[in-house]
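Observations on chain architecture
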Amino acid sequence: MATRFIFITGGVVSSLGKGLASAALGALLQARGYRVRVRKLDPYLNVDPGTMSPFEHGEVFVTDDGAETDLDLGHYERFTGVSATQSDNVTTGRIYSDVLGRERRGDYLGGTVQVIPHVTDAIKKFVTADLHGEDFVICEIGGTVGDIESLPFLEAIRQLGNELGTERAMFVHLTLVPYLAASGELKTKPTQHSVMELQRVGIRPHVILCRCDRPIPDGERNKIALFCNIRAEAVVQGIDIDTIYQVPIEYHYEGFDTQVLEHFKLDAKTKPDLSVWSNIVERVRRPDGSVTIAVVGKYTDLPDAYKSLSEALVHGGIANNARVNLNWISSEIFEKEDTVEHLNGVDGILVPGGFGERGAEGKIQAVQFAREHNVPYFGICFGMQMAVIEAARNLAGLEGAGSTEFGPCRHPVVGLMTEWQRGEDRETRAADDNLGGTMRLGAYPALLKPRTHIAEIYGMTEIAERHRHRYEVNMNYREQLEQAGLTFSGTSPDGVLPETIELVDHPWFIGVQYHPELKSKPFEPHPLFESFIAAALNQSRLV
Ligand code: GLN
């Protein structure tokens, strides 16, 4: 079947869950036996979100092929299991940078380069490129309808809608239907206005998803249908729910996927099998036990900065039938207050990825607490580097051990690698490269040492995990650190780069240079998170 395109826009306010709606629709279509791909167009001018602070934009999600993308791609992967690639996320910045690059090369043969058709053509090309027989492409347009910056995207999808026809394209618009306590009513006017705005640019939605905190009565539903020029069945409500993994079930119940299939004149009568989702929800809602994990990081006020991480911890809980309570601790607090005050009684400590010196000493103290008190410790990327510094200072007696990320130090146990191997290609990076291009990014293979704790957890010795970092643990210190008790349990296949470390005399102490959280799924929890939560459950039974 020719690929069909479903465009998802949002109106009224941001943060309505467009990403989740797109991901959930992907899961629903898969449950009907279709092949899907979920993509996102982001209207900002950054070429990719890699240079944006997590405070600005939340987590940067890294794909296998090394793209730094929007965190919504994480939702898509967690709901559909389809690995995202470079060609699934584009920003206005990247589109313009490509168009301008072509202009400089003279590709436009002296023509005037314009938003329509040159920019819109580039967008259309992106949306329709690199497909491999998928039945559906679900394409989310970031931002809110009415913003100046999303106009070229809306124009491009309008054109695509016209070129492909309703048989192959459809538009879904997500809006807010707020409840006004003063009048005791759900209000439809914001939705009407948002749809008017969309129609002004030539797009008529076929389905309107309405976020609300209570059921929408027939009267209001009919009103939205009437004013927005669609059938009442195509007004689909999305009520707030307790767990995101209930979203596919809820949207199916409300008829979202049915509306989509009917639009494309495809069979909508056979019921999809949603038991995967109901099993997950059952485990989330009715756990057997619970654990408390302290996440000691920098962006702890903004959970979106650690989206995949908190989801992966939930997945670890699902695998163990346990509720995972997250205790977000800003590591800077340990500059003033003792670790014991904050970490006593937690069942596991995790130091996540991070950049920069601020709060680093606090993270090192958290590692020390975990090591000395036999509390399960999981160090991810920066968290592994901090564990190595801690071991260097306190086990190997290397006074002044540190990372060159914070400036020169006496024992640079973590430092900048200027050269490393990826397959046959030799890649290099220098300290003064531009910020977008200096990181080890994407999936790299690693070899685990047989009979180590981590090899036992994975149940294999050859793995591939996603990376996003500039610094590496310095192999020149390997021997000294191993003698002090820190095992280098995994390296790159050529043995040049350290990938994982562990402590033997400890119930669970593992550091990984990569980001395992990026590959965890609710229906396929990552083995490291499953094992870490299991260790935390054991810990909780000790105290
Ligand atoms: N700042 C460290 C580096 O660049 C760690 C990065 C991370 O945790 N993702 O190597």
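**Quick word on the nonpolar core**
By size, the foremost hydrophobic cluster in this structure holds 59 residues, and its most contacted members are Ile6, Leu29, Phe136, Leu209, Tyr251 and Phe256. The biggest single contributor to this core is helix H1 (residues 18-31), with eight residues. Residue contacts for Leu209: discarding those within four places in its chain leaves Ala21, Val172, His173, Leu174, Thr175, Val236, Tyr251 and Phe256. In this structure, Ile349, Leu486, Leu503 and Phe509 belong to the second largest nonpolar core, which totals 38 residues.

**Re the site of the ligand**
Neighbouring the ligand are the residues Gly353, Gly354, Phe355, Cys381, Phe382, Gln385, Glu405, Arg468, His469, Arg470, Tyr471 and His515. At a separation of 2.8 Å, a nitrogen atom of the ligand approaches a polar side-chain atom of Glu405. Taking His515, its side chain carries an N or O atom lying 3.2 Å from a nitrogen atom of the ligand. When the ligand sits alone it has 290 Å² of accessible area, and the protein chains cover 99% of it.

**Observations concerning the state of the cysteines**
Here, the word disulfide means a covalent bond between the sulfur atoms of two cysteines. Using the criterion set out here, one finds zero disulfides in the structure. Free cysteine: Cys210, not disulfide-bonded; nearest cysteine sulfur from Cys212 at 6.9 Å. When its relative accessible area of 1% is taken as the criterion, Cys210 is described as buried. Here Cys409 is not cross-linked by a disulfide; its sulfur's nearest cysteine counterpart is in Cys381, at 18 Å. For Cys409, a relative accessible area of 28% translates into the label partly exposed.

**Focus on the packing of aromatic side chains**
Within the structure shown, the criterion is met by 16 aromatic pairs. Between Tyr245 and Trp277 the ring centres are 6.2 Å apart and the planes differ by 20°, which places this aromatic pair in the stacked class. Pair noted here: Tyr245 is in the loop between strand E11 (235-239) and helix H9 (247-253) and Trp277 is in helix H11 (residues 275-285), with a separation of 32 residues, a long-range link. A ring pair is formed by Phe378 and Phe529, whose centres lie 5.1 Å apart and whose planes are at 55°; its orientation type is tilted. In this pair, Phe378 is assigned in strand E15 (residues 377-380) and Phe529 in helix H18 (residues 527-542), connecting sequence segments 151 residues apart. For Phe378, a relative accessible area of 0% translates into the label buried. For Phe529, a relative accessible area of 0% corresponds to the buried category. Positioned above the aromatic ring of Phe126 is the side chain of Arg39, whose terminal nitrogen or guanidinium carbon lies 6.0 Å from the ring centre. Positioned over the ring face of Tyr444 is Arg440, at 4.9 Å from the centre of the ring.

Rules and cut-offs
Residues numbered from 1 in each chain as written. Predicted model: local features only at pLDDT ≥ 70, side-chain atom pairs only at ≥ 80, totals over all residues. Heavy atoms only, no water. Core = buried A, V, L, I, M, F, W, Y, C linked by side-chain atoms within 4.5 Å. Buried < 20%, exposed > 50% of the residue type's maximum accessible area, 1.4 Å probe, protein only. Helix = DSSP H or I, 4+ residues; strand = E, 2+ residues; numbered from the N terminus. Contact = heavy atoms within 4.5 Å. Near = heavy atom within 4 Å. Polar contact = N/O pair within 3.5 Å; in protein donor to acceptor, adjacent residues only side chain to side chain. Areas by Shrake-Rupley, 256 points an atom, 1.4 Å probe, with all protein chains shown as cover. Disulfide = S-S within 2.5 Å. Phe/Tyr/Trp six-rings, centres within 6.5 Å; stacked < 30°, edge-to-face > 60°. Lys NZ or Arg CZ within 6 Å of the ring centre and 35° of its normal.

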